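These are the residues of each chain, in order.
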Amino acid sequence: TDESRLSSVFCEKSQRLIDVQSFALAARYYSLSNLGLCTPLEELLEALRGERQEKNDIKTDEFMNNKKSHEVQVMSELIDSIASYYGIKQVIDIGSGKGYLSSFLSMHYNLKVYGIDSSNTNTHGAHERNRKLKKHWRVYESRARANLQSRKSEAVNDRTVKTEIKCESNTDEKPLNNNSNLQSQDQVTTQDSGVFTEIATSETSKQTEINLVAQTQSDENKFSETVLDIVNVLPADAVDIFSPSRCDCGELSEEEKARRKMASLQAKASKSSESNLYLPLTSYITAETELSDIIADLEDSIMVGLHTCGDLAPNTLRIFTAKPEIKAVCSVGCCYHLLSEQYENQEDCTEEVWGFPMCQYLKDEGWCCGRNARMSACLALERVAVGQMLPTESLFYRAVLQVIIEENYGVTKSDGHVGKVFSKSSSFLDYVRKSLKKLDLDDSQLSDSCIMDYYEKYKDRMNELEAFNMLKVVLAPCIEVLILLDRLCYLKEQDNIAWSGLVKLFDPVKSPRCYGVIALKKQSCP
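Residues numbered from 1 in each chain as written. Predicted model: local features only at pLDDT ≥ 70, side-chain atom pairs only at ≥ 80, totals over all residues. Heavy atoms only, no water.

**A word on the overall build of the protein chain**
Across its full length, the protein chain carries 19 helices and 7 strands. Counting the 526 residues in the protein chain, one finds 45% classified as buried. Within the protein chain, contacts between residues at least 6 apart in sequence are counted, and of these 75% link residues at least 24 apart. Of the roughly 27,500 Å² of accessible surface on the protein chain, 50% is carried by carbon and sulfur atoms. (Helix = DSSP H or I, 4+ residues; strand = E, 2+ residues; numbered from the N terminus. Buried < 20%, exposed > 50% of the residue type's maximum accessible area, 1.4 Å probe, protein only. Contact = heavy atoms within 4.5 Å. Areas by Shrake-Rupley, 256 points an atom, 1.4 Å probe, with all protein chains shown as cover.)

**As for the environment of V403**
Within the secondary structure, V403 sits in helix α16 (residues 392-409). Distance from V403 to Y454, taken between C-alpha atoms, is 8.5 Å for residues 51 residues apart in sequence.

**Notes on the pattern of salt bridges**
A side chain of one charge can pair with a side chain of the opposite charge if their charged atoms are brought near each other. Tallied over the full model, the rule gives 15 salt bridges. The salt bridge partner of R461 is E464, with a shortest N-O separation of 3.2 Å. When its relative accessible area of 45% is taken as the criterion, R461 is described as partly exposed. By relative accessible area, E464 is classed as partly exposed at 46%. Where salt bridges share partners, they join K67, K68 and E71 into one cluster. (Salt bridge = Lys/Arg side-chain N within 4 Å of Asp/Glu carboxyl O.)

**Remarks on the sheet that holds strand β4 (residues 301-309)**
Taken in spatial order, the 7 strands make up an open sheet running β3-β2-β1-β4-β5-β7-β6, and their pairing is mixed. With one partner strand each, in any of the chains shown, β3 (277-282) and β6 (497-504) form the two edges of the open sheet. Along the sheet, successive strands turn relative to each other by an average axial angle of 15 degrees, direction set aside. One ladder, built from 6 bridges, connects strand β2 (residues 112-117) with β3; its direction is parallel. (Pairing = 2+ DSSP bridges. Axes fitted to C-alpha atoms, helices over the stretch in contact; angles between N-to-C directions.)

**A word on a nonpolar patch on the surface**
Taken together, the side chains of F10, L17 and V20 present a nonpolar region at the surface, about 220 Å² in accessible area. Topologically, F10 is positioned in the loop between α1 (2-7) and α2 (20-29). Note on F10: relative accessible area 31%, which makes it partly exposed. (Patch = residues over 30% accessible without salt bridge, like charges linked within 9 Å, V, L, I, M, F, W, Y side chains within 5 Å.)

**Focus on the nonpolar core**
Of all hydrophobic cores here, the largest spans 76 residues; its most connected members are M75, L78, I82, I92, L505 and I518. With 9 residues, helix α5 (residues 66-86) is the single largest residue contributor to this core. Excluding residues that lie within four positions of it along the chain, L505 makes contacts with L41, V74, L78, C330, V332, C514, G516 and I518. In terms of nonpolar packing, the next biggest core, distinct from the first, is built from 21 residues, V400, I405, I451 and Y455 among them. (Core = buried A, V, L, I, M, F, W, Y, C linked by side-chain atoms within 4.5 Å.)

**Description of α5**
Given a rise of 1.5 Å per residue, 21 residues ought to cover 30 Å, and the 31 Å separating the end C-alpha atoms of α5 matches this to within 8%. For α5, the buried fraction is high: 17 of the 21 residues fall into the buried class. Between a side-chain oxygen at the N-terminus of α5 and the backbone nitrogen of K67 the separation is 3.2 Å; the capping residue is N65. Downstream of α5 by a residue or two, G87 has a phi angle that is positive, lying close to 70 degrees. (Expected span 1.5 Å × (residues − 1). Polar contact = N/O pair within 3.5 Å; in protein donor to acceptor, adjacent residues only side chain to side chain.)

**Quick look at unusual backbone geometry**
P357 follows F356 through a cis peptide bond whose omega is -5 degrees. With respect to the helices and strands, P357 occurs in the loop between β5 (326-334) and α13 (360-365). Positive phi, close to 55 degrees, is recorded for N110, a residue that is not glycine. Summarising the element assignment, N110 is placed in the loop between α6 (100-109) and β2. Here N110 falls in the buried class, since its relative accessible area comes to 10%. You will see that C335, though not glycine, has its phi angle at about 55 degrees, which is positive. Here C335 is to be found in the loop between β5 and α13. You can call C335 partly exposed: its relative accessible area is 23%.

**Considerations on the packing of aromatic side chains**
Centre distance and the angle of the planes are the two values used to describe a pair of aromatic rings. Inspection of the entire model under this criterion finds 10 aromatic pairs. Taking 6.0 Å as the distance between ring centres and 80 degrees as the angle between the ring planes, the aromatic pair formed by F104 and Y109 counts as edge-to-face. Here F104 matches Y109 in class, with each residue buried. Judged by centre distance (5.8 Å) and plane angle (75 degrees), the rings of F396 and Y455 are edge-to-face. Note that F396 is positioned in helix α16 and Y455 in helix α18 (residues 448-458), a separation of 59 residues in sequence. Residue placement shows K521 over the ring face of F320; its charged tip is 4.9 Å from the ring centre. (Phe/Tyr/Trp six-rings, centres within 6.5 Å; stacked < 30°, edge-to-face > 60°. Lys NZ or Arg CZ within 6 Å of the ring centre and 35° of its normal.)

**Focus: the confidence of the model for the protein chain**
Overall, the predicted model of the protein chain reaches an average pLDDT of 77, with 66% of residues at or above 70. Contacts for the low-pLDDT stretch residues 271-275, under 50 throughout, to residues beyond four places or in other chains number 4 contacts. (pLDDT = per-residue confidence, 0-100.)

**Considering the pairing of strand β7 (residues 515-521)**
In the case of a regular strand, side chains alternate between the two sheet surfaces. Where burial is concerned, most of β7 is hidden: 7 out of the 7 residues are buried. Side-chain alternation along β7 places Y515, V517, A519 and K521 on one buried face and G516, I518 and L520 on a second face that is also buried. Examined bridge by bridge, β5 and β7 share 4 bridges and lie antiparallel to one another. Among the inter-strand pairings, S331 is bridged to a residue of β7, identified as V517.

**Examining the packing of α16 against α18**
Contact pair α16 / α18: the axes reach a minimum separation of 10 Å and the direction vectors enclose 125 degrees. Accordingly, the angle class assigned to the pair α16 and α18 is oblique. Of the two elements, α16 crosses α18, and the hand of that crossing is right-handed. When α16 is examined against α18, the residues F396, Y397, V400, V403, I404, E407 and N408 are found in contact with a partner set consisting of Y454, Y455 and Y458. Its residues assigned to classes, the contact of α16 with α18 comprises 8 nonpolar, 1 polar and 1 charged. (Parallel < 35°, antiparallel > 145°, perpendicular 65-115°, else oblique. Left-handed = near helix turned anticlockwise from the far one by under 90°. Nonpolar A, V, L, I, M, F, W, Y, C, P; charged D, E, K, R; others polar.)

Okay, structure coming up:
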């Protein structure tokens, strides 16, 4: 039982940790990877695609770093599969940043993508990056097509050789069967080549591709009836979509709304001759945001978010459930430490919509994580496990700095942030002085010798700090489970959702925040 599993970990009287091994085993037991709550990515892709085949690959690491390339390729493939399943072409990328995912979805998958980010700097940078990328895109695409053509030819040749060898070995025994096999092999080769030709061309040839595949496989019409049975969801046409009334958030002036609508329509008109479109927009997104005020030609869409920060991830899910135009969502959150909590510091907060908890069960329980727990949830256990150790020295500097501030300035709580001062500091002394100035504290109150005395006093406890942080790393997946399951339970509580699940999208060593919250709405009855 849960109680027996934890009873040997902590002392009942003092609540102190007494068995580190049991603590680690209990933490592993409650990790998402061990609980068996995730839907395998390949299973979901298979369900969505049915008999359709994926597009040719383009190696995105030629214009992105390794981490971003991995994330964009995996997530865009899933998004395209969802878009194809619903037959929609519009994607809304929330917190789009520099537009890596948006650009790739637009150019590689011919989707119409609106990238919305709160930073005007990011929006401008995304415009420029997309403009430059378009110049080189045909080269990347033709290279990828050539590579796939080459692999396809090799596969065909290999099958032909194997068939010839088989024919020669069985010539005297079953000549009729051999002829039949050869004929069948020729048919498969011809059909495969036809399918490849369609895959390698533009999105406008998708129907031809489906017809060709149907010649050698089961009827495509069966796909819509059985596709989501693999992941145990309700029939896609079970009930009508729930259509809540829209709320006016009042964030934008009427003049600004008119300006944005005009800009969006002008952009659409100027790009109407293109099969794809990527339009970066600047807007601050909340749970009450009215998308039609930002996107004039809003239509059936998929809402996506790749590492949406803090409350933006739960707000993405809220928008998805509230807006009938949003048919699916694929959200990967990050920065759990920036989540707002309903039951934390209640006297200081006047918000009505919170980042945590989302689901009714945790609301009824009055559940609160606290900032320290949410900070721990951001740690990367898998990276530590492969030798990418925690930055112990910088954590030690930060811990001693807090002691200095409390004892010399009387500050026990502050909204200030030190940030990345450590990487810009030449020594502990330099770190402290730069940090104090950044926090608007008078560093002239402290002499160099006073600062260094603190360092000498605590330096022998650095190993203790490292051990403590390792325990936090071990516990990190358990806290992340709580946050992710809260979001999943929120989706399960909604009446208009056909299927929702957690999917491990990325390699956690490359991208520690690797889990996607994915949901598909029920389709309207014809």
